[in-house]
Amino acid sequence: MAITVNFHDDLASLLRRQWRHQPQLKLAATRTASIKDVVESFGLPHTEVGRLLVDGREVAFHYLINTSCHIDIWPITPPWDVLQPCFLRPHPLPHLHFLVDINVGKLGRLLRMAGFDAASHPDLDDTELAACAEAEGRLLLSKNRALLMRKNIHFGRIIRATAPPQQLHEVLNLLNLHGQMQPLSRCLECNTHLEQVAKEEIDHLLEPLTRKYYQEFSRCPACAHLYWPGSHVKKMLALLARDLTA
Ligand SMILES: [Zn+2]
C-alpha cells in the first residue's frame with residue numbers, strides 16, 4: 001500500500017533536505033496517522049498548508065490516513081485573511097497581532113515601525129512562545145520549523161526571506177497589509193502605542209541640538225522611550241515608503 005503526496009507551488013522548497021524540491025513523494029501506508037503528521041513527516045509545518053485533498057476530497061488536519069491514497073497539499077496564498085474562518089482553520093484569530101521569534105527579531109522591529117502589534121519575547125523558550133501565541137491569539141513568525149509544527153500553533157508562518165526589509169515585504173504581501181500601516185505609532189522597543197508629549201514636559205531630557213531643531217515628540221507610556229522626526233526616523237520612513245507604494 002502506498003501513499004503519494006503532491007506538494008504544490010513553493011511547498012516542495014520547504015521540505016526537509018532529503019526531499020526538498022521533489023514535488024511528488026511516496027510513502028508506505030504502514031500505520032494510521034493524521035494527515036497533519038503525514039505532512040509534517042516531510043518537514044513541512046502545518047502552518048504553511050492552505051488546502052488538503054485526499055483523492056480529490058477536501059479534508060481537515062485531523063483526517064486519518066491508513067490506506068493507499070493520493071494527497072494534494074496546497075499552500076496558503078495571498079491575500080491571507082486570518083480574521084475569517086476557513087475550512088482548515090475554522091476558528092480565526094480575534095485580531096491581527098504577531099509574535100516574532102528571535103530568529104527573525106529585526107522583522108519584529110520593522111513591523112512595530114509600520115504600526116503593527118508585534119510582540120517579541122527573546123527570554124521565552126519554544127514551549128512558552130507557543131503557549132503565548134495560543135493564549136494571546138497571535139500569528140507566530142519564525143524560521144523554526146519544529147516550533148511551527150506544535151499542535152497549539154494554529155497560525156504561523158515560516159519566513160522565507162533572509163534580509164529584514166524583504167521579510168517585512170513578505171509579511172505585508174502575504175496578509176495584504178500595505179493599506180493598514182500606521183508608521184511610527186508604536187514603540188519599537190516594547191510594542192506599546194505611543195502618545196504625543198508636550199516638549200515642555202520632556203525638555204530636560206533632550207540633547208541641545210534635538211531641543212533646538214525638533215518641536216514634536218512622542219513617548220512610550222510603558223518604557224518612556226522618546227521619539228521625534230530625526231534622521232533615523234526619516235530613514236525608517238524611507239524604508240516603509242517602499243512598501244507603502246508597493
Ligand atoms: Zn516602549
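Computed from a predicted structure; not experimentally measured.

1. Some points on the nonpolar core
Counting 29 residues, the largest nonpolar core has Phe98, Val100, Leu107, Leu111, Leu140 and Leu141 as the members making the most contacts within it. Val100 has contacts with Gly105, Leu107, Gly108, Leu111, Ala118, Ser120 and Leu141, leaving out every residue within four places of it along the chain. By size, the runner-up hydrophobic cluster in this structure holds 14 residues, among which are Phe7, Leu11, Leu52 and Ile73.

2. Here's the deal with the domain arrangement of the chain
Each assigned domain of the chain is listed here: domain 1 (2-75) and domain 2 (78-191 + 232-246). Ranked by residues supplied to the side of domain 1 that touches domain 2, first place goes to strand S4 (residues 49-54) with four residues. Split into classes, the residues belonging to the side of domain 1 that touches domain 2 amount to six nonpolar, four polar and four charged.

3. Some words on the sheet that holds strand S14 (residues 226-227)
Reading across from one edge, S12-S13-S14 is the order of the three strands in this open sheet, with antiparallel pairing throughout. Edge strands, defined here as strands with exactly one partner in the open sheet, are strand S12 (195-197) and S14. Sheet topology note: the S12/strand S13 (residues 217-219) ladder contains three bridges and is antiparallel. For Gln196, the partnering residue across the bridge sits in S13 and is Ser218.

4. Quick notes on helix H3 (residues 126-136)
When H3 is considered as a whole, its buried residues turn out to be Leu129, Ala130 and Ala133. For H3, the arc enclosing every buried residue in end-on projection is 95°, short of the 170-degree limit, so these residues lie on one face. In H3, the exposed residues that point more than 90 degrees away from the buried face are Thr127, Glu128 and Ala135. Packed against the buried residues of H3 are strand S8 (97-100), strand S10 (138-142) and helix H4 (145-148). Residue Gly137 follows H3 closely and has a positive phi angle near 60°.

5. Some remarks on the sheet that holds strand S5 (residues 57-58)
The five strands lie next to each other as S2-S1-S7-S4-S5, forming an open sheet whose pairing is mixed. In this open sheet, the two strands that pair with only one neighbour each are strand S2 (24-28) and S5. Relative to strand S7 (residues 69-75), S4 runs antiparallel, the two sharing five bridges. Paired with Leu53 across the bridge in S7 is Asp72.

6. Observations regarding unusual backbone geometry
A cis amide bond, omega 0°, links Pro78 with the succeeding residue Pro79. Among the structural elements, Pro79 can be located in the loop between S7 and S8. In this model, Asn176 sits at a positive phi of 55°, which is unusual for a non-glycine residue. Residue classification places Asn176 among the exposed residues on the basis of 12 C-beta atoms within 10 Å. Phi is positive for Asn191, which is not a glycine, with a value near 80°. Mapped onto the secondary structure, Asn191 falls in the loop between helix H5 (164-175) and S12. Residue classification places Asn191 among the buried positions, given that 22 C-beta atoms sit within 10 Å.

7. Here's the deal with the pairing of S8
In the sheet, S8 pairs with S10 via four bridges, with the strands oriented parallel. Directly across from His97, in S10, lies its bridge partner Arg138. Note that S8 and strand S9 (residues 118-120) share three bridges and pair parallel. Bridging from a neighbouring strand, Leu99 pairs with Ala119 of S9.

Rules used throughout
Residues numbered from 1 in each chain as written. Predicted model: local features only at pLDDT ≥ 70, side-chain atom pairs only at ≥ 80, totals over all residues. Core = buried A, V, L, I, M, F, W, Y, C linked by C-beta atoms within 7 Å. Buried ≥ 20, exposed ≤ 12 C-beta atoms within 10 Å, placed from the backbone. Contact = placed C-beta atoms within 7 Å. Domains from an automatic or database assignment. Helix = DSSP H or I, 4+ residues; strand = E, 2+ residues; numbered from the N terminus. Nonpolar A, V, L, I, M, F, W, Y, C, P; charged D, E, K, R; others polar. Pairing = 2+ DSSP bridges. Arc of directions from axis to C-beta.

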